[in-house]
Amino acid sequence: MAATGGGGACFVLGASGETGRVLLRELLSRRLFSRVTLIGRRRLSLDEETEAAVAVVDFERLGEHAAAFQGHDVGFCCLGTTRAKAGAAGFVRVDRDYVAQAAELARAGGCKHFVLQSSQGANQHSRFLYLRVKGEVENLVQAVGFDRCTILRPAVLLCRRQELRPTEWIAQKFLGIVAWVFPTAYSVPVETVARAMVAILLQPGEGKVEVLENGAIHKLGKAVPQQGT
């Protein structure tokens, strides 16, 4: 797909999350697609939503919403939750099961390129639930058989969360300092991840499946000029 032409269509899963909100702004401001669809369980209170189509779905019955996934060239998935918010079973259901089923519906609906936000250290054999689930969903998405599948594995995301606990605030401040010394090792701003997703569209793929580690995300994200510069 020639993304630079402003044609075609894409969908975004997880537009209410930190990365998803920034990605949505990037996609709309750069006019990369003629149609952008937000797929989620509810409408969002975002200014950008007025410029995008919205498909409200029930993720527990996602198979009944196949129409929401039809007619898109590219799918972006930033969908995810935390064990603290959803419990272990809920985390697995959202981060693995919902994502894998969405990928299957997208492929059946004609999507050729699927872009998945995963995590640094993702490994299906990890003894840590978070990393194991991320590794499992990577494998499931790859198995769907997209013409092109891009997986991003960012390190700790630096962002201004809407709901920031005291411990998270301290961690963000600490990692912000560490980033000055080791800029690509342990963290990455969500803005950089979103711009890397945009950069992926503007270059040819390197094989059917691409896995971008944190250093590559930093490099790609910096290669795309910020809007207004």
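Structure: above.
What to know about the side chain of Arg148
- Within the element layout of this structure, Arg148 appears in strand S6 (residues 148-152).
- Classification of Arg148 as buried rests on a relative accessible area of 14%.
- Separated by 3.2 Å, the side chain of Arg148 and the backbone oxygen of Ile200 make a polar contact.

With respect to the sheet that holds strand S1 (residues 9-13)
- If you trace the seven strands from one edge of the open sheet to the other, you get S3-S2-S1-S4-S5-S6-S9, paired in parallel fashion. Lying at the two open borders of the sheet, with one neighbouring strand each, are strand S3 (53-56) and strand S9 (209-212). Taken over all neighbouring pairs, the strand axes of this sheet differ in orientation by 15° on average, direction set aside.
- Pairing geometry for strand S5 (residues 113-117) and S6, over five bridges, is parallel. Within S6, the position partnered with Gln117 by the bridge is Leu152.

Observations regarding unusual backbone geometry
- Here Arg31, not a glycine, exhibits a phi torsion of approximately 55°, which is positive.
- Its place among the elements puts Arg31 in the loop between helix H1 (18-30) and strand S2 (35-40).

Basis of the calculations
Residues numbered from 1 in each chain as written. Predicted model: local features only at pLDDT ≥ 70, side-chain atom pairs only at ≥ 80, totals over all residues. Heavy atoms only, no water. Helix = DSSP H or I, 4+ residues; strand = E, 2+ residues; numbered from the N terminus. Buried < 20%, exposed > 50% of the residue type's maximum accessible area, 1.4 Å probe, protein only. Polar contact = N/O pair within 3.5 Å; in protein donor to acceptor, adjacent residues only side chain to side chain. Pairing = 2+ DSSP bridges. Axes fitted to C-alpha atoms, helices over the stretch in contact; angles between N-to-C directions.

Take it as geometry only, folks, not as evidence of what the structure does.
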